[in-house]
Amino acid sequence: SVTAQTMDQMWDSNVSGKENPNLQWFKDAKFGMFIHWGLYSKIAGEWNGKRYYGSGEWIMNQAKIKVADYNKVASTFNPTGFNADEWAQLAADAGIKYMVITAKHHEGFAMYQSKVSNFNIVDATPYKKDPMKALAEANRKRGIQFGFYYSQFQDWHEPNGGRNSWDFDEAKKDYQTYYREKAIPQLKELLTNYGPLGIVWFDTPGGMTKEQTQTFVNELRVLQPKTLFSSRVGQGLGDYKDFGDSEVPSTPIKGAWESIYTHNDSWGYIKHDMNFKSSKEIIQLLANVASKGGNLMLNVGPDGDGKIPEYSVKFLQQTGKWLKVNGESIYGTTYGLIAAQPWGVSTSKPGKQYLHVLTRPKNGKLLIPDFNVNVKKVYELTDKKELPFKKIGKEVWIDLPLFNQDAVNTVFVIEYAGTVP
Ligand SMILES: C[C@@H]1O[C@@H](Oc2ccc([N+](=O)[O-])cc2)[C@@H](O)[C@H](O)[C@@H]1O
């Protein structure tokens, strides 16, 4: 049988140990959209004719671009192609239940109207509009939870912000001044001006002691007590755990957690990175993450004109088509009680195991080597057609119907009585 690791075995788990009561929607959601969008989206991975690879949102750091030069990018940033309903509708069509977008990334530029710093999309660009107002509304209309990513420590625009060591001497920085004068007031704007937020997604803590982080968290939580804080707030004060980038735990994990993945190889838009994951890869990744009890938040990187790349649109819509008929085997499930097998993985609901057959056994005979419970019936999820099965000791053998070999994920349901040992 399957044993799940519990959170407190993880270093940065929620030290209070008591789970945030507002986590259920998150745990049932299973599938989220991450959006990295900023000035780096216009730079698109090329600076002074030189192409950069990896994470496009790091180009200011990779190319050691001076703040004075980087500011100029804002003066030509004009995403007239941005359409909030288009983005939220894509999320809905893809079967996505929550969206988290970068309000401010390490570059320090606010992708919303900020009274705290004029280095923002309304005051520093010809665009002069706040896209986050419309995006929050467009998601709310579709019942999609909405949240912001905020780089609380790294800010390469600010003399006292973290980690711009090519303009400023890191050792001379007073991070507390930056937190007090920019990060905290901006986070308060985000928790005040865009309606109820499902999530604040913090990234890479730094420059604060445990006590200072506790004060920081308390000061923000009072604004929206229900909002979930991601684990990268640091010091174990988050509500759910985020694994490293493009990382899935090897075994099931109890508690709320999330795997985050790029759709190609970059979070921010890079025009020369076409290595997009197919819908087959996305659907199988989602099943894999769900089988271990977690959420998948898949990223898209819109370009400088506010358009989501066509391959992201195409492959997400295809993923949505699969979820429309198979969503029962993902949404609201918990980790599978049948360990990963050569044919695929499992997810759970009370008295049910969903078998995600990613690779059809050549002879059509599917083996569950260790499932010593009273199996009541087995059927295919989509057409509910019952299938013959036999129990031999603790083994369960299922005769699979013919289905096309390159089907990305065909789901069968086992209904059983009793508890899986
Ligand atoms: C989602 C990503 O998060 C961070 O990168 C990290 C942060 C932490 C880890 N980690 O803990 O493994 C890995 C990449 C950012 O630097 C990056 O630009 C992107 O936003």
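Everything numeric in this text was worked out from a predicted model, so none of it was measured. Each chain has its residues counted from 1, following the order in which its sequence is written. For a predicted model such as this one, the threshold for reporting local features is a pLDDT of at least 70, and the threshold for listing and counting side-chain atom pairs is 80 or more; totals across whole chains, interfaces and linings nevertheless cover every residue. Side-chain measures were taken over the full set of non-hydrogen atoms in the model, leaving aside hydrogen atoms and water.

1. Notes on the overall build of the chain
Part 1 of the reasoning: In this text, helices come from DSSP runs of H or I with a minimum length of four residues, and strands from runs of E with a minimum of two, each type numbered from the N-terminal end. Looking only at helices and strands, one finds ten helices and 18 strands in the chain.
Part 2 of the reasoning: If you line up the chain on its principal axes, its C-alpha atoms span 70 × 45 × 35 Å.
Part 3 of the reasoning: Per-residue accessibility, obtained with a 1.4 Å probe over protein chains only, is compared with the maximum for each type, and a residue is labelled buried under 20%, exposed over 50%, and partly exposed between these values. Out of the 421 residues in the chain, the part that is buried amounts to 59%.
Part 4 of the reasoning: Under the convention used here, Asp and Glu are negative, Lys and Arg are positive, and both His and the chain ends fall outside the count. Each charge is placed at NZ for Lys, CZ for Arg, CG for Asp and CD for Glu. When the 50 basic and 45 acidic side-chain charges of the chain are each reduced to a single mean position, those positions are 4 Å apart.

2. Considerations on the environment of Ala-4
Part 1 of the reasoning: The residue Ala-4 is located in the segment before helix H1 (24-29) in this model.
Part 2 of the reasoning: A relative accessible area of 14% places Ala-4 in the buried class.
Part 3 of the reasoning: Taking the C-alpha atoms as reference points, Ala-4 and Leu-337, 333 residues apart in sequence, are found 9.4 Å from one another.
Part 4 of the reasoning: Two residues form a contact once any of their heavy atoms are found within 4.5 Å. Not counting residues within four places of it along the chain, the set of residues in contact with Ala-4 comprises Pro-252, Ile-253, Lys-254 and Tyr-335.

3. Structural notes on helix H9 (residues 279-291)
Part 1 of the reasoning: Here the expected length of a helix is defined as 1.5 Å per residue gap, with one fewer gap than residues. With 13 residues, H9 ought to run about 18 Å at 1.5 Å a step, and its terminal C-alpha atoms sit 18 Å apart, in line with that.
Part 2 of the reasoning: For H9, a buried count of ten out of 13 residues is recorded, marking the element as mostly surrounded by other parts of the structure.
Part 3 of the reasoning: For H9, the full list of buried residues reads Ser-279, Ile-282, Ile-283, Gln-284, Leu-285, Leu-286, Ala-287, Val-289, Ala-290 and Ser-291.
Part 4 of the reasoning: Residue Gly-293 follows H9 closely and has a positive phi angle near 95°.

4. A word on the sheet that holds strand E16 (residues 389-392)
Part 1 of the reasoning: Following DSSP output, two strands are said to pair if at least two bridges run between them. The three strands are arranged E14-E17-E16 in an open sheet whose pairing can be described as antiparallel. Across the chains shown, the open sheet's two edge strands, defined by having one partner strand only, are strand E14 (365-368) and E16. Neighbour-to-neighbour, the strand axes of this sheet turn through a mean angle of 20°, independent of strand direction.
Part 2 of the reasoning: Pairing of E14 with strand E17 (residues 395-399), which is carried by four bridges, proceeds in the antiparallel orientation. When the sheet's bridge partners are listed, Ile-368 is paired in E17 with Val-396. Note on geometry: axes are lines fitted to C-alpha atoms, helical ones only across the stretch in contact, with angles between N-to-C directions running from 0 to 180 degrees.

5. Let's talk about the sheet that holds strand E9 (residues 257-261)
Part 1 of the reasoning: Ordered in space as E7-E6-E5-E4-E1-E10-E9-E8, the eight strands form an open sheet in which the pairing is parallel. Strands at the two margins of the open sheet, each flanked by one partner only, are strand E7 (228-229) and strand E8 (241-245).
Part 2 of the reasoning: Bridging between E8 and E9 involves three bridges; their strand directions are parallel. Within the sheet, the bridge partner assigned to Asp-242 lies in E9 and is Glu-258.
Part 3 of the reasoning: H9 rests against strand E1 (31-35), E9 and strand E10 (295-300) of the sheet, and its axis sits at about 150° to E10.
Part 4 of the reasoning: Contacting E1 and E10, helix H10 (residues 310-326) crosses the sheet at an angle of about 170° to E1.

6. Thoughts on unusual backbone geometry
Of all residues except glycine, most have a negative phi; of all peptide bonds, most are trans.
Part 1 of the reasoning: The phi torsion at Ala-44 lies on the positive side, around 55°, for a residue other than glycine.
Part 2 of the reasoning: Its place among the elements puts Ala-44 in the loop between helix H2 (39-43) and strand E2 (46-47).
Part 3 of the reasoning: Located in the positive-phi region is Ser-246, a residue other than glycine, with phi close to 50°.
Part 4 of the reasoning: Tracing the chain through its elements places Ser-246 in the loop between E8 and E9.
Part 5 of the reasoning: Look at Ser-246 and you get partly exposed, because its relative accessible area is 36%.

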